[in-house]
Amino acid sequence: MKALRLFNNHILIRLLSIGLMFCFSCGEEDSPAPTVIGITANVQEIDEGEQFAITLRTDTPNRTGTDISVPFIYEGIALEFIDGSEITPVIQQDQEFNSLLLIVNNDPDTTGDRTLVVRIDETQIPTGLTLGNSSVTITIQD
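Rules and cut-offs
- Residues numbered from 1 in each chain as written.
- Predicted model: local features only at pLDDT ≥ 70, side-chain atom pairs only at ≥ 80, totals over all residues.
- Heavy atoms only, no water.
- Helix = DSSP H or I, 4+ residues; strand = E, 2+ residues; numbered from the N terminus.
- Areas by Shrake-Rupley, 256 points an atom, 1.4 Å probe, with all protein chains shown as cover.
- Core = buried A, V, L, I, M, F, W, Y, C linked by side-chain atoms within 4.5 Å.
- Buried < 20%, exposed > 50% of the residue type's maximum accessible area, 1.4 Å probe, protein only.
- Contact = heavy atoms within 4.5 Å.
- Pairing = 2+ DSSP bridges.
- Axes fitted to C-alpha atoms, helices over the stretch in contact; angles between N-to-C directions.
- Salt bridge = Lys/Arg side-chain N within 4 Å of Asp/Glu carboxyl O.

**Q** So what's going on with the overall build of the protein? Which residues, and what values?
**A** Looking only at helices and strands, the protein features one helix and 11 strands. For the protein, the sequential pattern of α-helices and β-strands runs α-β-β-β-β-β-β-β-β-β-β-β. For the protein, the accessible surface area stands at approximately 9,400 Å², while carbon and sulfur atoms represent 54% of it.

In structure tokens form, the structure reads like this:
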């Protein structure tokens, strides 16, 4: 009887130690990788007057509980010649991207090709997002 009690106590101690090891090994989970946000364009060069798309994209669906809104900064061409530049793209809940259609209008005062750089306003990136590809460059052929 005493041997059986010792055996049962031994098994109980082993089970408790295995349970404790399991609990401590599950203590902290790895925090998920931050969501990466970036920008792409569907063209590298276009003629004046043509339409093109700029896409704001995350590497995972938006599960933040709110819409992700990040403004763009346009450089190289006056905003008055870029139809659609006043719009801020929004990635809605459960979506991974939003595209803007833009048109670069004819600039009668400029001759020769121009370069348009569209970049994410890094100061406006919501908390919890990491910046990936932050800009695109498009050549506007005159």
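Further notes follow.
**Q** Give me the nonpolar core: which residues, what numbers.
**A** Ranked by internal contacts, the top residues of the largest apolar core, which has 25 residues, are Ile-37, Phe-52, Ile-54, Phe-72, Tyr-74, Leu-116 and Val-118. Looking at this core, the elements with two or more residues in it are β1 (35-41), β3 (51-58), β5 (72-75), β8 (97-104), β9 (114-120) and β11 (135-141). Beyond its immediate sequence surroundings of up to four residues, Ile-54 is in contact with Ile-39, Thr-40, Ala-41, Phe-72, Asn-98, Ser-99, Leu-100, Leu-102, Val-118, Val-136 and Ile-138.

**Q** So, the sheet that holds β5: which residues are in play, and what are the values?
**A** Pairing in this open sheet of four strands is mixed, and the strands run β2-β11-β9-β5 from one edge to the other. Both outer strands of the open sheet, β2 (45-47) and β5, are each paired with one neighbouring strand and no more. Along the sheet, successive strands turn relative to each other by an average axial angle of 25 degrees, direction set aside.

**Q** Residue-level account of the sheet that holds strand β10 (residues 129-131), with values.
**A** Across the sheet, five strands lie side by side as β6-β8-β3-β1-β10; this open sheet has mixed pairing. Edge positions in the sheet fall to β6 (82-83) and β10, since each of these pairs with one other strand and no more.

**Q** Tell me about the side chain of Arg-114, residues and numbers included.
**A** With respect to the secondary-structure elements, Arg-114 resides in strand β9. Not counting the four nearest positions on each side in its chain, Arg-114 is found in contact with Glu-48, Ile-77, Val-104, Asn-105, Asp-107, Ile-138, Thr-139 and Ile-140.

**Q** Report on the environment of Ser-134, specifying residues and quantitative values.
**A** Tracing the sequence through the fold places Ser-134 in the loop between β10 and β11. For the pair Ser-134 and Arg-119, spaced 15 residues apart in the sequence, the C-alpha separation amounts to 5.6 Å. Excluding anything up to four places from it in sequence, Ser-134 contacts Ile-39, Val-118, Arg-119, Ile-120 and Glu-122.

**Q** Describe in detail the pattern of salt bridges, supporting the description with residues and values.
**A** A side chain with one charge can pair with a side chain of the opposite charge if their charged atoms come near. Evaluation of the coordinates by the stated rule reveals three salt bridges. With a closest N to O distance of 2.4 Å, Glu-48 and Arg-114 form a salt bridge. With a gap of 66 residues between them, Glu-48 in the loop between β2 and β3 and Arg-114 in strand β9 connect regions that are remote in the sequence. The same class applies to Glu-48 and to Arg-114, which are both buried.

**Q** Which residues make up the pairing of β8, and what are the values?
**A** Looking down a regular strand, the side chains alternate between one sheet face and the other. For β3 and β8, the ladder comprises seven bridges, and the chain directions are antiparallel. Residue pairing for β8: Leu-56 is matched across the bridge by Asn-98. With two bridges connecting them, β6 and β8 associate as antiparallel partners. Bridged to Asp-83 within β8 is Ile-103.

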